[in-house]
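Spelled out, the chains give:
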Amino acid sequence: MKNSSNKKLTFMVGIPTCYGGESLINTVKTLRASKGVSDFRIVIIADRTPIKQSIKDKLEKMGVKIYWNEKEGSQFKKLKQLINKCNEDVFIFTQDDITFDKYTLKHILSKFSENPKSTMVSSTILPLSPITFFESIKTSETRIHDKITKRWNHADNYFASSGRCISFRTKHIKKFRIPETIVNGDTYLYFENKRLNGVHVHQPLAKVFIRCPQRLKDEIGPSSRYQYSHKEMAKYFDYDLKKEYKIPRNVLVQALMEEFVIHPLRTTLLVGVVLLLRIKRQKNS
């Protein structure tokens, strides 16, 4: 019954990019290798760095529709364009360097099918095997993040919202305010869904794999933006965000201890990296 329900839901996958590199090919290949779903569209909106013709040819052979913006814009500008191009039941938003499990799309659609009131489905974000030592530290952080997500408020929290793979009923997300200048977009989408009385559900079986940052300097910008997230969200939402941001201490400690038992050195160094990034955080522009 679930498979037949899944087939009734049409969906589109949207990918914004400003790099247009080889990683796009891998992302699309893993999407096209999906099992248990009917045909679907993949749409890419790109700017800044032109996609090489060789890459474009491979993507188009896999049925990808590519649009180019002459004027560069933010990720949310491209997100808004993608939403406007989606006429399917479900809009799945991802990035240009993600590896999808072959059943991820099926599991996402099953959540929408099982719960007709659901408007937003979040996925499980897991790390690929690390290449550098610093990346190995960040893989521990990704696993801790996943543990916290699943145990905090029955997985209904802003930690669950990740632009690596996040899905919406199209009719619902078309009602969203999409400010082009937003910095903490993933968090914003979670709270905007909540503002419109949407229902968020987490799908632990919908797994995608990411390459974690390989150098400390690559983390300074993203970490700084995250640290100012609460202040930025307060400009758009007037309910008690302090409560929304407060991770239960027992959940945090348990997640840290579980990772420490498996990877004691990485977890210890991760604490040091987090403290260092707080010291080095950039000014909020």
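Quick caveat: nothing in here was measured; it's all calculated off a predicted structure. Numbering of residues begins from 1 in every chain and follows the order in which that chain's sequence is written. Note on the predicted model: pLDDT of at least 70 is required for a residue's local features to be given, and 80 or more for side-chain atom pairs to be given and counted; whole-chain, interface and lining totals, by contrast, use all residues. For side-chain calculations, the full set of non-hydrogen atoms in the structure is used, while hydrogens and water are omitted.

**A few points about the sheet that holds strand 1 (residues 11–17)**
For step 1, the next point in the chain: A sheet is described by the order of its strands in space; here eight strands give the open sequence 3-2-1-4-7-6-8-5, paired in mixed fashion. Of all strands in the sheet, those bounded by a partner on one side alone are strand 3 (64–68) and strand 5 (99–100).
For step 2, the next point in the chain: Contacts were defined at the residue level, with two residues in contact if any of their heavy atoms lie within 4.5 Å. To get an axis, fit a line to the C-alpha atoms, keeping to the stretch in contact for a helix; angles then go from 0 to 180 degrees between the N-to-C directions. Helix numbers and strand numbers start at the N terminus; a helix is a DSSP run of H or I with at least 4 residues, a strand a run of E with at least 2. Contacts from helix 4 (residues 75–85) reach strand 1, strand 2 (41–46), strand 3 and strand 4 (90–94), with the element oriented near 155 degrees to strand 1.
For step 3, the next point in the chain: Contacting strand 6 (120–127), strand 7 (165–169) and strand 8 (200–210), helix 8 (residues 185–195) runs over the sheet at an angle of about 160 degrees to strand 6. Any two strands with at least two DSSP-identified bridges between them are counted as paired.

**Considering the pairing of strand 1**
On a regular strand, each side chain points to the face opposite its neighbour's, so the side chains alternate between the two faces of the sheet.
For step 1, the next point in the chain: The element strand 1 is largely enclosed, with a buried count of seven among its seven residues.
For step 2, the next point in the chain: Alternating positions in strand 1 separate into two faces, Phe11, Val13, Ile15 and Thr17 on one and Met12, Gly14 and Pro16 on the other, with burial throughout.
For step 3, the next point in the chain: Across four bridges, the pairing between strand 1 and strand 4 is parallel. Of the residues in strand 4, the one forming a bridge with phenylalanine 11 is valine 90.
For step 4, the next point in the chain: For the crossover from strand 1 across helix 2 (residues 23–32) to strand 2, the handedness is right-handed. Each residue is placed in one exposure class: buried if its accessible area under a 1.4 Å probe, protein chains only, is under 20% of its type's maximum, exposed if it is over 50%, and partly exposed if it falls in between. For crossovers, right-handed means that the path from the first strand over the helix to the second runs clockwise, given strands pointing away from the viewer.

**Some thoughts on the pairing of strand 8**
For step 1, the next point in the chain: In this structure, strand 5 lies alongside strand 8, joined through two bridges in antiparallel fashion. Within strand 8, the residue paired with phenylalanine 100 across the bridge is valine 208.
For step 2, the next point in the chain: Relative to strand 8, strand 6 runs parallel, the two sharing eight bridges. The partner of serine 123 across the bridge, within strand 8, is glutamine 203.

**Structural notes on the pattern of salt bridges**
For step 1, the next point in the chain: By definition here, a salt bridge exists when the distance from a side-chain nitrogen of Lys or Arg to a carboxyl oxygen of Asp or Glu is within 4 Å. A full pass over the atoms with the stated rule returns twelve salt bridges.
For step 2, the next point in the chain: Between glutamate 259 and lysine 147 there is a salt bridge; the shortest N-O distance is 3.6 Å. With glutamate 259 in helix 12 (residues 249–262) and lysine 147 in helix 6 (residues 133–151), the pair connects residues that are 112 residues apart, well separated along the chain.
For step 3, the next point in the chain: Glutamate 244 is paired through a salt bridge with lysine 194; the nearest N and O atoms lie 2.4 Å apart. Of this pair, glutamate 244 sits in helix 11 (residues 241–245) while lysine 194 is found in helix 8, placing the two residues 50 residues apart along the sequence.
For step 4, the next point in the chain: Ionic contacts of the salt-bridge type, sharing partners, join the residues Arg143, Lys147 and Glu259 into one network.

**As for the confidence of the model for the protein chain**
Should pLDDT be low for a region, the predicted coordinates there are not to be read in detail.
For step 1, the next point in the chain: Averaged over every residue, the pLDDT of the protein chain is 93; residues scoring 70 or more account for 93%.
For step 2, the next point in the chain: The predictor reports its confidence for every residue as pLDDT, a score running from 0 up to 100. Note that pLDDT drops below 50 for residues 1–7; the model gives that stretch nine contacts with residues more than four away or on any other chain.

**Notes on the packing of helix 2 against helix 3 (residues 53–61)**
How two helices sit against one another is set out by the angle between their axes and by the gap between those axes.
For step 1, the next point in the chain: The contact between helix 2 and helix 3 brings their axes to 10 Å, and the two run at 5 degrees. Relative to helix 3, the element helix 2 is oriented roughly parallel. Contacts between helix 2 and helix 3 involve Leu24, Ile25 and Val28 from the former and Ile55, Lys58 and Leu59 from the latter.
For step 2, the next point in the chain: Only Asp, Glu, Lys and Arg are considered charged, only Ala, Val, Leu, Ile, Met, Phe, Trp, Tyr, Cys and Pro nonpolar, and every remaining residue, Gly among them, polar. Classifying every residue of the contact of helix 2 with helix 3 gives five nonpolar, no polar and one charged. For this classification, under 35 degrees means roughly parallel, over 145 means roughly antiparallel, 65 to 115 means roughly perpendicular, and everything else is oblique.

**Section: the packing of aromatic side chains**
For step 1, the next point in the chain: The pairing test for Phe, Tyr and Trp rings, Trp by its six-membered ring, is centres within 6.5 Å, and the orientation test on the planes gives stacked under 30 degrees, edge-to-face over 60, and tilted for anything in between. Under the counting rule described, the total for this entry stands at 14 aromatic pairs.
For step 2, the next point in the chain: Judged by centre distance (6.2 Å) and plane angle (25 degrees), the ring pair of phenylalanine 91 and phenylalanine 93 falls under stacked.
For step 3, the next point in the chain: What makes phenylalanine 91 buried here is its relative accessible area of 1%.
For step 4, the next point in the chain: Centre to centre, the rings of tyrosine 158 and tyrosine 245 are 4.5 Å apart; their planes meet at 40 degrees, and the pair counts as tilted. Placement of the pair is tyrosine 158 in the loop between helix 6 and strand 7 and tyrosine 245 in helix 11, with a sequence separation of 87 residues.
For step 5, the next point in the chain: Look at tyrosine 245 and you get buried, because its relative accessible area is 14%.

**Description of the state of the cysteines**
For step 1, the next point in the chain: Note on terminology: pairs of cysteine sulfur atoms within 2.5 Å are recorded as disulfides. Counted by the stated rule, this structure contains zero disulfides.
For step 2, the next point in the chain: Free of any disulfide, cysteine 86 has its nearest neighbouring cysteine sulfur in cysteine 165, separated by 14 Å.
For step 3, the next point in the chain: For cysteine 86, a relative accessible area of 0% translates into the label buried.
For step 4, the next point in the chain: The closest cysteine sulfur to the non-disulfide-bonded cysteine 212 is located on cysteine 165, 16 Å from its own sulfur.

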